[in-house]
Amino acid sequence: MLSGCVSIDSVAKRGIQKQYNNPLIVIPFDSRTSKIATNLKSELEKVFSANNHKVSVLTLRVEDSKLELNSTTENESRLAEEIAQGHNDIVIFFRPNEIYYVNGGLQTATYILVGTDVSSKKEVWKANYKAQGGFGPASLAKKSANIIFNKLQSDNIL
């Protein structure tokens, strides 16, 4: 088994009166992070299901954007459609911050996670997630899914 260190620090809005029952988790990816995103989507769905929580996980391929004004991308349309159809109450957006590979192996992955209440459009939760060590995408995803789910519960978001 590969070893490594994983950590998550978060802040939640004070006085949250409700827990969210139908999160939409959005994971953008590019060519370097496609395996991480695919594995993370699968593992998050497994963890939420095993704990009897509803979840939708949307992976979005991001490309270098063209320099345009007032353009709507396909990803923005997919996200709006998913929220409308899924009746989600919170959107948790994963933003990759640092991804480092050494000799083809993932060494460090840092994400900023932002939870936004759909009705108020205000941030209610934010976290910094960091994994370091000899992880492959599958190992990183499994560890990440469990830690993220547990942190959402302990912060009373779920």
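To be clear, the structure that these remarks concern was listed above.
Quantities reported herein were computed from a predicted structural model and do not represent experimental measurements.

### Concerning the overall build of the protein
Here's step 1: What the protein contains, in helices and strands, is three helices and six strands.
Here's step 2: Listing every helix and strand of the protein by position from the N terminus yields β-β-α-β-α-β-β-β-α.
Here's step 3: Counting across all 158 residues of the protein, residues that qualify as buried make up 37%.
Here's step 4: Accessible surface for the protein amounts to roughly 9,300 Å². Of this, 47% is attributable to carbon and sulfur atoms.

### Side note on helix α2 (residues 74-86)
Here's step 1: Helix length check: α2 (13 residues) gives 18 Å between terminal C-alpha atoms against 18 Å at 1.5 Å per residue, within 8%.
Here's step 2: Within two residues after α2, H87 carries a phi angle of roughly 50°, on the positive side.

### Concerning the side chain of E43
Here's step 1: Tracing the backbone through its elements, the reader meets E43 in helix α1 (residues 34-50).
Here's step 2: For E43, a relative accessible area of 16% corresponds to the buried category.
Here's step 3: Excluding anything up to four places from it in sequence, E43 contacts A141, K142 and A145.

Thresholds applied
- Residues numbered from 1 in each chain as written.
- Predicted model: local features only at pLDDT ≥ 70, side-chain atom pairs only at ≥ 80, totals over all residues.
- Heavy atoms only, no water.
- Helix = DSSP H or I, 4+ residues; strand = E, 2+ residues; numbered from the N terminus.
- Buried < 20%, exposed > 50% of the residue type's maximum accessible area, 1.4 Å probe, protein only.
- Areas by Shrake-Rupley, 256 points an atom, 1.4 Å probe, with all protein chains shown as cover.
- Expected span 1.5 Å × (residues − 1).
- Contact = heavy atoms within 4.5 Å.

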